[in-house]
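# Commentary on secondary and tertiary structure
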Amino acid sequence: MMRSLKGARHLNSSTVKQAVSELSIPVPWGEIRGKVWGPDHGRPVMCVHGWADNCGTFNSLIPLLPKEYRYVALDLPGHGLSSHRPPEAFYSFPLYVMDVRRVADALQWNRFSIIGHSMGGNIAGLFSALYPEKVDSIVLLDSYGFLPTDSKEIPEVIRQGLDEMLQFEAKAEERGRRVYTYEKAAERLLAANPTLSEQSVRILLERGLDQVDGGVAFTRDFRLNLKNIVRTTLEQCLEFQKRITASTLVILAEDGFEKVFAERDGKKASSALVQAYRDRNQTVVKVPGDHHIHLNDAEVVAPLVSDFLQTNQRRLPVRPSGGKVVLLESAGSTTRKCAVKFASSCKDGSVWSSVGQRR
């Protein structure tokens, strides 16, 4: 199993102190970055953030969860420290599902649990429907697991997304990165997400900003703002949902995404998805708080998530058979890359590793 790397950065919480390592997974266009908590041999849990956030969204929650698990929180492509997609590529749910599959394959995880917030919950839902044999349990944080679109709206949405991409490409050469002071960047993030606490803003900006000449710039890909052109109707979402075999916990915030859905005349869709979970004896709960309750006030949801994981997770052995990942250790301001080789024996010094999209 992956040994704790010397010099790994540590994070503190009021209740637990855990080593946190940086993770880098090679992909054809660059790398997918992330953070790793927990013991090398721990039960695997993948954590997937929401739209325009990054893996820092789990900084408050994971230290409060059971310590016997191995948590890998991703920066999805185009977010945080991960590479942007190639110039011609769109950002869509099926491609994010492929990213989760790439990471799981690199980590040699045959079965694992998924915790997804908002868009990350929709990715978790689709992944679990397409690869039910790989998922033990799912936690959806202020997410229904799917984001239906009215069939009458889909043609116009697709056209709008295509037009936006063409306009983006036409102006790519004249568009530079906007530079802010840290304070202005924080104000901009808070304006877009007014329910975030000041501490949550600082957490997300840790991976959300680059230091550049004259100040800071956001790391995320501007194309995340373009319309998602891959859409599913409610009927299709319910069909996908039927294919999920994993135990599922849905945690909805009283002042969260449900209100957004209601404003978009999506109450029928959200009610249908919730009822379908209940019909399959899955757990749906509502908690006080906002869309980022897991980050702003993690103590509200942590007991629910912890109990669910411990009740439903089956411990399955991870048996790596080959592959390569890179762990990035932070020591002060210096980042050191460590190639990790999978092997069936550690005698030679090699080690094993157990290791809403905008409408």
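Analysis parameters
- Residues numbered from 1 in each chain as written.
- Predicted model: local features only at pLDDT ≥ 70, side-chain atom pairs only at ≥ 80, totals over all residues.
- Heavy atoms only, no water.
- Pairing = 2+ DSSP bridges.
- Helix = DSSP H or I, 4+ residues; strand = E, 2+ residues; numbered from the N terminus.
- Phe/Tyr/Trp six-rings, centres within 6.5 Å; stacked < 30°, edge-to-face > 60°.
- Buried < 20%, exposed > 50% of the residue type's maximum accessible area, 1.4 Å probe, protein only.
- Lys NZ or Arg CZ within 6 Å of the ring centre and 35° of its normal.

## Overview of the pairing of strand β10 (residues 247–255)
Sheet topology note: the strand β7 (residues 135–141)/β10 ladder contains 5 bridges and is parallel. Following the sheet pairing, S137 is matched in β10 by S247. Summarising the sheet, β10 and strand β11 (residues 283–290) pair through 6 bridges and their orientation is parallel. In the sheet register, I251 faces β11, and the bridge partner there is V285.

## Thoughts on the packing of aromatic side chains
On inspection of all chains with the given rule, the structure shows 9 aromatic pairs. A centroid spacing of 6.4 Å and a plane angle of 10° characterise the contact between F146 and F240, whose relative ring orientation is stacked. Of this pair, F146 sits in the loop between β7 and α3 (154–170) while F240 sits in helix α6 (residues 234–242); the two residues are 94 residues apart in sequence, bridging distant segments of the chain. On the basis of relative accessibility, which here comes to 5%, the residue F146 falls in the buried class. Here the aromatic rings of F168 and F222 are separated by 5.8 Å at their centres, their planes lie at 10°, and the arrangement is stacked. Pair noted here: F168 is in helix α3 and F222 is in the loop between β9 (215–218) and α6, with a separation of 54 residues, a long-range link. Overall, F168 belongs to the buried group, its relative accessible area being 15%. Look at F222 and you get partly exposed, because its relative accessible area is 42%. The positively charged end of R220 is found above the aromatic ring belonging to F218, 4.7 Å away from the centroid.

## Points about the pairing of strand β4 (residues 43–48)
β4 sits mainly inside the fold: 5 of its 6 residues count as buried. Pairing geometry for β4 and strand β5 (residues 69–74), over 6 bridges, is parallel. Residue pairing across strands places V45 opposite Y71, the latter belonging to β5.

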